[in-house]
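This is what each chain is made of:
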Protein chains: 4
Amino acid sequence: MKRIAILTSGGDAPGMNAAIRAVARKAIFEGMEVYGINYGYAGLVAGDIRRIDTPDVGDIIQRGGTVLYSARYPEFSTEEGQLKGIEQLNKFGIEGLVVIGGDGSYHGALALTKRGFPAIGIPGTIDNDIPGTDFTIGFDTAINTVLESIDRIRDTATSHVRTFIIEVMGRNAGDIALWAGVAGGADDIVIPEHNFDMAQVAKRVRDGRDRGKKHCLIILAEGVMNGHEFAEQLKEHGDFHARVSVLGHVVRGGSPTARDRVLASKFGSYAVDLLKEGRGGLCIGILNNQVVASDIVETLESKKHQPDVSLYNLNHQISY
Amino acid sequence: MKRIAILTSGGDAPGMNAAIRAVARKAIFEGMEVYGINYGYAGLVAGDIRRIDTPDVGDIIQRGGTVLYSARYPEFSTEEGQLKGIEQLNKFGIEGLVVIGGDGSYHGALALTKRGFPAIGIPGTIDNDIPGTDFTIGFDTAINTVLESIDRIRDTATSHVRTFIIEVMGRNAGDIALWAGVAGGADDIVIPEHNFDMAQVAKRVRDGRDRGKKHCLIILAEGVMNGHEFAEQLKEHGDFHARVSVLGHVVRGGSPTARDRVLASKFGSYAVDLLKEGRGGLCIGILNNQVVASDIVETLESKKHQPDVSLYNLNHQISY
Amino acid sequence: MKRIAILTSGGDAPGMNAAIRAVARKAIFEGMEVYGINYGYAGLVAGDIRRIDTPDVGDIIQRGGTVLYSARYPEFSTEEGQLKGIEQLNKFGIEGLVVIGGDGSYHGALALTKRGFPAIGIPGTIDNDIPGTDFTIGFDTAINTVLESIDRIRDTATSHVRTFIIEVMGRNAGDIALWAGVAGGADDIVIPEHNFDMAQVAKRVRDGRDRGKKHCLIILAEGVMNGHEFAEQLKEHGDFHARVSVLGHVVRGGSPTARDRVLASKFGSYAVDLLKEGRGGLCIGILNNQVVASDIVETLESKKHQPDVSLYNLNHQISY
Amino acid sequence: MKRIAILTSGGDAPGMNAAIRAVARKAIFEGMEVYGINYGYAGLVAGDIRRIDTPDVGDIIQRGGTVLYSARYPEFSTEEGQLKGIEQLNKFGIEGLVVIGGDGSYHGALALTKRGFPAIGIPGTIDNDIPGTDFTIGFDTAINTVLESIDRIRDTATSHVRTFIIEVMGRNAGDIALWAGVAGGADDIVIPEHNFDMAQVAKRVRDGRDRGKKHCLIILAEGVMNGHEFAEQLKEHGDFHARVSVLGHVVRGGSPTARDRVLASKFGSYAVDLLKEGRGGLCIGILNNQVVASDIVETLESKKHQPDVSLYNLNHQISY
């Protein structure tokens, strides 16, 4: 394979630029030509494609967001969209594609694969909800950003002896809530993947108060319900004057952490290794600390990401 | 004066601990005894008062929040509350009081002053809305925290070519929005102290788009309206698919900046200088880069904080 | 086991407090009593031991350093020191000990184990140089702190078109240099575990210049040589006007990252699980993303930590 | 004036990009044409000059360093250099010049002024050592960066009950040491502008120890002597096992603080106001919180920046 392309798709995640850089530099190192596709699948279909050279990906490893831009493009689920996309790839003489993104992005890569075009998926999303990998690019940065906010809110909660409900992103996944909750010393963590009983949450708040604890922090995954609704329901079990803080888009951006940059670099480099051997139809991940590639069809159709629920029990045992 | 006390009141602000430390250390340096009152005026009335020695304020200069805790206590506006407070101060032999906080805290200090008890106000609030000072303790930290969030959101806004409305704290004041807006390169800033025309806001968004600008950020002071309402009104002038991000309590806490710590140190030290001379009924501030004391009665009754509205025009001229 | 103790030893590392908290809270959760030993083995021998209850480890999860203090104490390698230590443990009725620290700390735990006292080692050091684990507590924070500095230096290097040699900590290990180097987009990384040829380093610098690259960053592990010596040797291969920046103690402290806090929480909790079962003579680690316990005698005597040298080659392929 | 140019010179400082952006945007807003000169006076003489349009200064307000690059160029102190520079400016039809930088940069602007070319100086240096202004662009960011390091080192110093000497930048000025020292709660601050007595420094260290203080931090301005020399001299007054930490280039870069960005925006905008009126030969500053312009000849020849030495005494009274 002599000519490959890269696109980013779905919500942006810190580390996407590090992955773009790794793909481009590794491919150039291997003697390939590299093209960047702007605005994800929308740009693919529209032919918004440009040659990328070494300096084009210089000085981006530390930047949040994606220099290739991103966009939602549901039209790529249609046959017409996919054929048009492959037509564009052929027009530019591109033989392989690296897609960096989340769930929706993977389905685009899957569709291309089924139509015979070699595509490789790299998991890039803050939500950590992608099958075939323990960690996605952007997750580590996001939990540290959430954690900074939790640490700040703790100052106020302690100063005013107050209970805070902190709603965090994650779509249907509880990973951000779990990790940031354990790291933030949350009194309770509420996630979609584990049942919760509001009476028990209220009991934890009350018990902390009774022991003289100044602050009480409850981390709530947005996939369960929104923070204000949760506060309403909690109120039925006692009036804790709980404040609600919603950490929204502010946790998507920012300069990626060391771990996200290293992970992105490994993933990007490995994607090129695979394409160089002519292999496509794969998605890359890190499982048990090893970078691996799995069949994208099988992974998407039969696997599901599971958060590390042991963190839930751990938190109940050490955070009170 | 040989024995003084300190309390913090109202919303917590980064740098309050640095001010507590400065008051305590300077007073001890001058041979005075120092007492800390927990939970603001509520603790004053309840007699929740404790001796403070040098190590008690060690290792707190860098911490957000307030180690003396804070509380709202409307009852202190009554004669009964005030007399009870003075009774407690007398019981402990306390001859002067330093109050660190915002508007409400100042009114408590004013009431004590009118009843003959020497009190000094130090402006501590992130909102920067206190008369008698150009800057309050906590403001500098808050604008930097908001700025970090703006920088993060810009990554996402650029990656998705999107418009964001970022609602920031400040109660009725536009200072946080103005400073963070100019520093963040906002396309527009909307504050209570300056008229705005939604059609003009929409025009700025549209003009940016037309020039090929990728991101568009509008900083909205909460004193104008909430972000979601603003987004609704903006929609009537064109569909920009604007996202709303509300930066709430997350900007109250955190380790104070250098400037907030230095300001707090100067204010705290100066408050002791004044009490040492037997002077009360004053509020401290920084005006034209000089630390000054003003009559608290006159300041509260006849002055009003005005934001630096020149920043508004500046932003229109350089941020587009 | 009903009564256990904790100590921290060796250089402090961010996350030690999170580990202390996890051990204490988990043990209390399991109905045990917990004692804290101040100043590591020095305090153990001196009997500087105090009961720890739930609130004593509150609000410390986010703090750098160690609330139990640390100290070097070579005397603990003597029989006299060890017997005295066990005597103190017996005096307080302590049946098991958790030691958080690096290499030297482990040898103390090993000595106690050989004398029949159940001790568990938790790897806490920024250097990541402990056998039996892929990652130590503090490493993730340290590489992110180094990375922040690299990102800052890149601003200056780019603005002045300059070459920087950045010397980083790590004792005899190259892990910090490797990870921070890959994450920082270093032009070259020089570590003790991999040969290097100064002529090749000079060639990389020159090649970057020739391609028009503005900045050039070389990350040097302190275990190889010091930065100024390196600069001297580099000069023999061409005058690059290289500046040297030594990142010293500044990378030891700071609030731990999410990952260090979670790792510390898992390690601490697991240590209590083991002691509860009466098991000692073990050291805890994370291998292939699983928390595990290994025999401390065997681990210290026959294993050696190896950095992920694949990062070295990765960097040569993507960072130029 | 219809066509102006900008250059940055001397050591880079965070906020230089915000100033470049403000000059460019304000000038374009006023209907002028703007040119950027690369590599300071070296680029001026060489004619490395390019047109700058609105998007060229987009997305740079948050970046450290300078997109116009900087360089030392002593040749500009010669008549030949200056005439060649003016020749280049004339060739491009440039009628006014904004120079952003420190002392040396100002002397270049002064030389152009004396030769009849309208130049305006904007103070940009982390050292805060420029006459005609209370604060320079970059100083606020630098003291916050130093402060972060002090806070980190305090963790280690406390954990090991240790004394640290922290050497900070500032050339011959003590401003960084003073502000960061007060903000960091330093036990002592040693600056060129104030006498010090090593025996007294040693006494402060000893007194702190005697009171049970865990950490001891001495902030040393590089203009006094280097940290290792200081440690040697301190040793003659008692063995405190002091460690030395040198904060070097790492404090030059980084994303500018809110205050530096606002200051840079005001300065840049004001420079254009002046040039628009045809005024040159001025340097801009902030004095008593007002943005002002002073005659550059008079300022450089008769004024000298003085640090706020009241901070020195303040620190002695509250930091112990």
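This one's a predicted model, so the numbers in the text were calculated from it and none came from an experiment.

Enquirer: Can you break down the confidence of the model for chain A residue by residue, with the values?
Expert: Per-residue confidence for chain A gives a mean pLDDT of 96, with 100% of residues at or over 70. Here the predicted complex carries an ipTM of 0.97, next to a pTM of 0.97.

Enquirer: Quick one: what's the story with the pattern of salt bridges, residue by residue and with numbers?
Expert: With the rule as written, the count across this model stands at 81 salt bridges over all chains. Residues E30(B) and K276(B) are paired through a salt bridge, measuring 3.2 Å at the closest nitrogen-oxygen approach. One end of the pair, E30(B), is in the loop between α1 (16–29) and β2 (33–37); the other, K276(B), is in helix α9 (residues 258–276), with 246 residues separating them in the sequence. Residue K303(D) pairs with E298(D) through a salt bridge whose shortest N-O separation is 3.9 Å. Judged by its relative accessible area of 46%, K303(D) falls in the partly exposed class. For E298(D), a relative accessible area of 46% translates into the label partly exposed. Counted as one network, the salt bridges with shared partners bring together D59(A), R63(A), R261(A), D151(C) and R154(C).

Enquirer: For the sheet that holds β2(B), give the residues involved together with the corresponding values.
Expert: Residue and element names in this part refer to chain B. Read from one edge to the other, the open sheet built from 7 strands follows the order β3-β2-β1-β4-β5-β10-β11, with strand pairing classed as mixed. The open sheet is flanked by β3 (49–52) and β11 (290–295), the only strands paired with a single partner. Put simply, the sheet's adjacent strands are angled 30° from each other on average, direction ignored. Where strand β5 (residues 119–123) meets strand β10 (residues 282–287), 2 bridges bridge the pair, whose relative direction is parallel. When the bridges of β10 are listed, I120 appears paired with L282.

Enquirer: Pulling in residues and values, what's your account of the pairing of strand β6 (residues 163–168) of chain D?
Expert: Residues and elements named next belong to chain D. Counting buried residues in β6 gives 6 out of 6 residues, a clear majority hidden from the surface. Burial along β6 is two-sided: the face carrying T163, I165 and E167 and the face carrying F164, I166 and V168 are both buried. In the sheet, β6 pairs with strand β8 (residues 216–221) via 6 bridges, with the strands oriented parallel. The residue bridging I165 from the neighbouring strand is I218, located in β8.

Enquirer: Go over the UniProt feature "binding site: ATP" (unreviewed entry) in chain A with me, naming the residues and quoting the values.
Expert: Residue and element names in this part refer to chain A. Mapped onto the present numbering, the UniProt feature "binding site: ATP" (unreviewed entry) falls on G11, R72, Y73, G102, D103, G104 and S105. What stands out for the annotated residues spanning 95 residues is how close their C-alpha atoms remain, the widest pair being 13.1 Å apart. Relative to the helices and strands, G104 resides in helix α4 (residues 103–114). Here G104 falls in the exposed class, since its relative accessible area comes to 52%. You can see S105 is positioned in helix α4.

Enquirer: For the side chain of T257(C), give the residues involved together with the corresponding values.
Expert: Mapped onto the fold, T257(C) is located in the loop between β9 (243–247) and α9 (258–276). Look at T257(C) and you get buried, because its relative accessible area is 9%. If sequence neighbours within four positions are ignored, T257(C) has contacts with N144(A), L147(A), D140(C), T141(C) and N144(C).

Enquirer: If you had to explain the environment of E75(B) to someone new, which residues and values would you point to?
Expert: Summarising the element assignment, E75(B) is placed in the loop between β3 and α3 (79–91). Sequence separation between E75(B) and Y41(B) is 34 residues, and the spatial gap between their C-alpha atoms is 8.8 Å.

Enquirer: Tell me about unusual backbone geometry, and name the residues and values.
Expert: Of note in the backbone geometry, N128(B) takes a positive phi value of approximately 60° without being a glycine. Of note, N128(B) is situated in the loop between β5 and α5 (139–160). Among the residues examined, N128(B) registers a relative accessible area of 1% and is labelled buried. Even without glycine at this site, D59(D) takes up a positive phi of about 60°. Counting through the fold element by element, D59(D) comes out in the loop between β3 (49–52) and α3 (79–91).

Enquirer: Give me the lowdown on the sheet that holds strand β9 (residues 243–247) of chain A, citing residues and values where you can.
Expert: All names here are of chain A. As summarised here, the arrangement of the 4 strands in space is β7-β8-β6-β9, forming an open sheet in which the pairing is parallel. Of all strands in the sheet, those with a lone pairing partner are β7 (188–190) and β9, marking the two edges. Between one strand axis and the next, the sheet turns through 20° on average, direction left out of account. The strands touched by helix α7 (residues 198–210) are β6 (163–168), β7 and β8 (216–221); relative to β8, the strand with the most contacts, the crossing angle is about 160°.

Enquirer: A description of the interface of chain C and chain A should follow, citing residues and the corresponding values.
Expert: In this assembly, 46 residues from chain C lie in contact with 46 residues from chain A. Taken as a group, R259(C), I318(C) and Y320(C) account for 18% of the area that chain C buries against chain A, more than any other trio of residues on that side. Across the chain C-chain A interface, the total number found is 8 salt bridges. A salt bridge links R259(A) to D140(C), with the shortest nitrogen-to-oxygen separation between them at 3.2 Å.

Enquirer: Outline helix α9 (residues 258–276) of chain D, supporting the account with residue identities and numerical values.
Expert: All names here are of chain D. In this model α9 runs 27 Å from its N-terminal to its C-terminal C-alpha over 19 residues, within 8% of the 27 Å that 1.5 Å per residue would give. The buried count for α9 comes to 16 of 19 residues, which makes it a mostly enclosed element. Once α9 finishes, G278 follows within two positions and takes phi at roughly 80°, a positive value.

Enquirer: Would you mind going over the interface of chain D and chain B in detail, with residue names and values included?
Expert: Taken together, the contact between chain D and chain B spans 46 residues of the former and 46 residues of the latter. For the pair chain D and chain B, the two sides together bury roughly 4000 Å², of which 55% comes from carbon and sulfur. The three residues of chain D that bury the most area against chain B are R259(D), I318(D) and Y320(D), which together make up 18% of that side's buried surface. Across the chain D-chain B interface, the total number found is 8 salt bridges. With its nearest N and O atoms 3.0 Å apart, the salt bridge here joins D308(B) to K266(D). Run the count over chain D and chain B and you get 24 residue pairs in polar contact (both at pLDDT 80 or more). Residue assignment for the side of chain D that touches chain B shows that the elements contributing at least two residues are α1 (16–29), α5 (139–160), α6 (175–183), α9 and α11 (310–318) of chain D. The biggest single contributor to the side of chain D that touches chain B is α9(D), with 7 residues. Taken together, the residues that form the side of chain D that touches chain B break down as 17 nonpolar, 16 polar and 13 charged.

Enquirer: Break down the relation of the copies chain C and chain A for me, citing the residues and quoting the values.
Expert: Between chain C and chain A, which share one sequence, the superposing operator has a rotation angle of 180° and an axial displacement of 0.0 Å; the RMSD is 0.0 Å. On this basis, the relationship between the two copies can be described by a two-fold rotation axis. Ranked by how close their C-alpha atoms come to the rotation axis, the residues of chain C are headed by N288(C), at 2.3 Å. A shared interface surface links the copies, since 100% of the contact residues of chain C are contact residues in chain A too.

Enquirer: So, the packing of aromatic side chains: which residues are in play, and what are the values?
Expert: Residues and elements named next belong to chain A. Inspection of the entire model under this criterion finds 28 aromatic pairs over all chains. Aromatic pair F135 and W179: ring centres 5.6 Å apart, planes at 80°, arrangement edge-to-face. Linking F135 in the loop between β5 (119–123) and α5 (139–160) with W179 in helix α6 (residues 175–184), this pair joins segments that are 44 residues apart in sequence. By relative accessible area, F135 is classed as buried at 12%. Aromatic pair F139 and W179: ring centres 6.0 Å apart, planes at 90°, arrangement edge-to-face. Residue F139 is found in helix α5, and its partner W179 is found in helix α6; the two are separated by 40 residues along the sequence. We classify F139 as buried; its relative accessible area is 0%. Of the residues examined, W179 reaches a relative accessible area of 7% and is grouped as buried. What links up through ring pairs into an aromatic cluster is the set F135, F139 and W179.

Enquirer: Describe in detail the domain arrangement of chain A, supporting the description with residues and values.
Expert: Interface size, as often reported, equals the accessible area lost upon joining of the parts. All names here are of chain A. By domain assignment, chain A separates into domain 1 (3–138 + 256–302) and domain 2 (141–252). Each of domain 1 and domain 2 has a C-alpha centre, and these two points are 34 Å apart. Each partner contributes residues to the interface: domain 1 has 14 residues there, and domain 2 has 12 residues. Buried area between domain 1 and domain 2, both sides added, is near 1100 Å², and the carbon and sulfur share of it is 48%. Of the charged contacts in the structure, one is a salt bridge between R171 and D127, with a shortest N-O distance of 3.4 Å. Inspection of the domain 1/domain 2 interface yields 9 residue pairs in polar contact (both at pLDDT 80 or more). Each residue belonging to the side of domain 1 that touches domain 2 can be placed in one class, and the counts come to 5 nonpolar, 4 polar and 5 charged.

Enquirer: Can you break down the relation of the copies chain D and chain B residue by residue, with the values?
Expert: Least-squares fitting of chain D to chain B yields an RMSD of 0.0 Å, with the superposition described by an axial translation of 0.0 Å and a rotation of 180°. A shared interface surface links the copies, since 100% of the contact residues of chain D are contact residues in chain B too.

Calculation notes
Residues numbered from 1 in each chain as written. Chains lettered and ligands numbered in written order. Predicted model: local features only at pLDDT ≥ 70, side-chain atom pairs only at ≥ 80, totals over all residues. Heavy atoms only, no water. pLDDT = per-residue confidence, 0-100. Salt bridge = Lys/Arg side-chain N within 4 Å of Asp/Glu carboxyl O. Helix = DSSP H or I, 4+ residues; strand = E, 2+ residues; numbered from the N terminus. Buried < 20%, exposed > 50% of the residue type's maximum accessible area, 1.4 Å probe, protein only. Pairing = 2+ DSSP bridges. Axes fitted to C-alpha atoms, helices over the stretch in contact; angles between N-to-C directions. UniProt positions renumbered as here; feature names shortened; annotations may be inferred. Contact = heavy atoms within 4.5 Å. Buried area = accessible area lost by both parts, 1.4 Å probe. Expected span 1.5 Å × (residues − 1). Polar contact = N/O pair within 3.5 Å; in protein donor to acceptor, adjacent residues only side chain to side chain. Nonpolar A, V, L, I, M, F, W, Y, C, P; charged D, E, K, R; others polar. Least-squares fit on C-alpha atoms with pLDDT ≥ 70 in both. Phe/Tyr/Trp six-rings, centres within 6.5 Å; stacked < 30°, edge-to-face > 60°. Domains from an automatic or database assignment.

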